[in-house]
Amino acid sequence: MSREPVYDILTGLVRTMFAVQGLRIDITGQDRIPRIGGAVLAVNHTAYLDFMEVGLVGRISRRNVRYMMKAELEHGIVGFLMKHCKAIGVDRAAGAASFRRAVEALREGELVVVYPEATISRSFELKEFKSGAARMAIDADVPVIPIVIWGAHRIWTKGFPKQLGRHRFPINIRIGDPIPPAEPTDDLTAEIRTRMGELLEQAQTGYPMPEGAPWVPVRLGGSAPTLAEAAVLEREEMARRRAAQQR
């Protein structure tokens, strides 16, 4: 792993934050993260800060993962951090260019983090997947490593107050076997989602989930929004954003 001072400093801050919070992180499948070579890390998305756990997974295997982030953040302090951590800016108005940058990074041997659901799942279940992870893997001829994180949404997610103090939440991370980049894209996308669904069940098995808790999926006895209800909330949020942009 080459020296990247800014990345090293951020990693130290993240580890300190985890220690202060008393997070109990349990990882299985760490050996499935390749020590060399490119791969798409396909990760479920339930929390604002779950990228930190993904970064930890990479560092344990002595790798610095590369995040795909909104291009509009490429200024000021965040822009400085993105540049020095080799983040890939995503411009929705120029998606093809962002896609090419990600594929180039993969071909150069990087681990690129992709959230196939695109946005946070308010139901804490897997949403429908976009095809980007599969298309990148196929174009770069690299495997997809499915990863599921469970418990990070208890710290900070949409519609919930932040819990950034010492709470000792357990965080389960499950890493699956590499998935070869086989066409067609739709079949590979479906395979990624199936594998991640299996990993999600593994991550949830044995995890203490109080009945009726708002952060627990309905399927498991909680009171989180269903997938259908979460979809409505997401559409309402997008409508508010569009209205705000038009003012």
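If you're wondering where the values come from, they're calculated on a predicted model, not measured in any experiment. (Residues numbered from 1 in each chain as written. Predicted model: local features only at pLDDT ≥ 70, side-chain atom pairs only at ≥ 80, totals over all residues. Heavy atoms only, no water.)

Asker: Mind showing me how you'd approach the pairing of strand S2 (residues 39-43) here?
Answerer: Two faces make up the sheet, and in a regular strand the side chains alternate between them. Counting buried positions along S2 gives 5 out of 5 residues, so the element sits mostly inside the fold. In S2, alternate side chains face the same way, and those of Ala39, Leu41 and Val43 on one face and Val40 and Ala42 on the other are all buried. Of the strand pairs in this sheet, S2 and strand S5 (residues 111-114) are connected by 4 bridges, and their pairing is parallel. Directly across from Ala42, in S5, lies its bridge partner Val114. Where S2 meets strand S6 (residues 144-150), 4 bridges bridge the pair, whose relative direction is parallel. The residue of S6 that forms the bridge with Ala42 is Pro146. (Buried < 20%, exposed > 50% of the residue type's maximum accessible area, 1.4 Å probe, protein only. Helix = DSSP H or I, 4+ residues; strand = E, 2+ residues; numbered from the N terminus. Pairing = 2+ DSSP bridges.)

Asker: Which parts of the structure should I look at to understand unusual backbone geometry?
Answerer: For residues other than glycine, phi is negative in most cases, and the peptide bonds are mostly trans. With omega at 5 degrees, the peptide bond leading from Glu183 into Pro184 counts as cis. Even without a glycine there, the phi angle at Ala118 is positive, about 75 degrees. Its place among the elements puts Ala118 in the loop between S5 and helix H5 (132-140). Judged by relative accessible area, which is 45%, Ala118 ranks as partly exposed.

Asker: How should the pattern of salt bridges be read in this particular structure?
Answerer: Opposite charge on two side chains allows them to pair when their charged atoms are near. Here the structure, examined in full by the defined rule, presents 11 salt bridges. One salt bridge in this structure joins Glu110 and Arg66, with 3.0 Å as the shortest N-O distance. In this pair, Glu110 sits in the loop between helix H4 (95-107) and S5 while Arg66 sits in strand S3 (residues 66-70), placing the two residues 44 residues apart along the sequence. Residue class for Glu110 comes out buried when judged on its relative accessible area of 16%. Owing to a relative accessible area of 3%, Arg66 belongs among the buried residues under this scheme. Several salt bridges share partner residues, and in doing so they unite Arg122, Lys158, Glu237 and Arg241 into one network. (Salt bridge = Lys/Arg side-chain N within 4 Å of Asp/Glu carboxyl O.)

Asker: Hey, could you run me through the packing of aromatic side chains in this one?
Answerer: The geometry of an aromatic ring pair is captured by the separation of the ring centres together with the interplanar angle, meaning the angle of the planes. Applying the stated criterion to the full structure yields 5 aromatic pairs. Among the aromatic residues, those joined into a cluster by ring pairs are Trp150, Tyr207 and Trp215. Sitting over the face of the ring of Phe169, Arg154 holds its NZ or CZ atom 4.1 Å from the ring centroid. The ring of Phe129 has Arg193 sitting right over it, with the charged end atom 5.8 Å from the ring centre. (Phe/Tyr/Trp six-rings, centres within 6.5 Å; stacked < 30°, edge-to-face > 60°. Lys NZ or Arg CZ within 6 Å of the ring centre and 35° of its normal.)

Asker: Explain H5 to me, please; I cannot follow it from the model alone.
Answerer: Along an α-helix, residues three or four apart share an orientation, since each turn contains 3.6 residues. With 7 of its 9 residues buried, H5 lies for the most part within the structure. Considered for burial, the residues of H5 that qualify are Gly132, Ala133, Ala134, Met136, Ala137, Ile138 and Ala140. One or two positions beyond H5, positive phi appears at Asp141, with a value near 55 degrees.

Asker: Just to check I follow, could you spell out the packing of H4 against H5 for this structure?
Answerer: In a pair of packed helices, the angle between the axes and the distance between the axes together describe the arrangement. Packing of H4 against H5 leaves a shortest axis separation of 9 Å and a crossing angle of 50 degrees. Here H4 lies oblique to H5, going by the angle between them. H5 is crossed by H4, and the crossing has right-handed handedness. Facing H4, whose interface residues are Phe99, Ala102, Val103, Leu106 and Arg107, H5 presents Gly132, Arg135, Met136, Asp139 and Ala140. Tallied by class, the residues present in the contact of H4 with H5 amount to 6 nonpolar, 1 polar and 3 charged. (Axes fitted to C-alpha atoms, helices over the stretch in contact; angles between N-to-C directions. Parallel < 35°, antiparallel > 145°, perpendicular 65-115°, else oblique. Left-handed = near helix turned anticlockwise from the far one by under 90°. Contact = heavy atoms within 4.5 Å. Nonpolar A, V, L, I, M, F, W, Y, C, P; charged D, E, K, R; others polar.)

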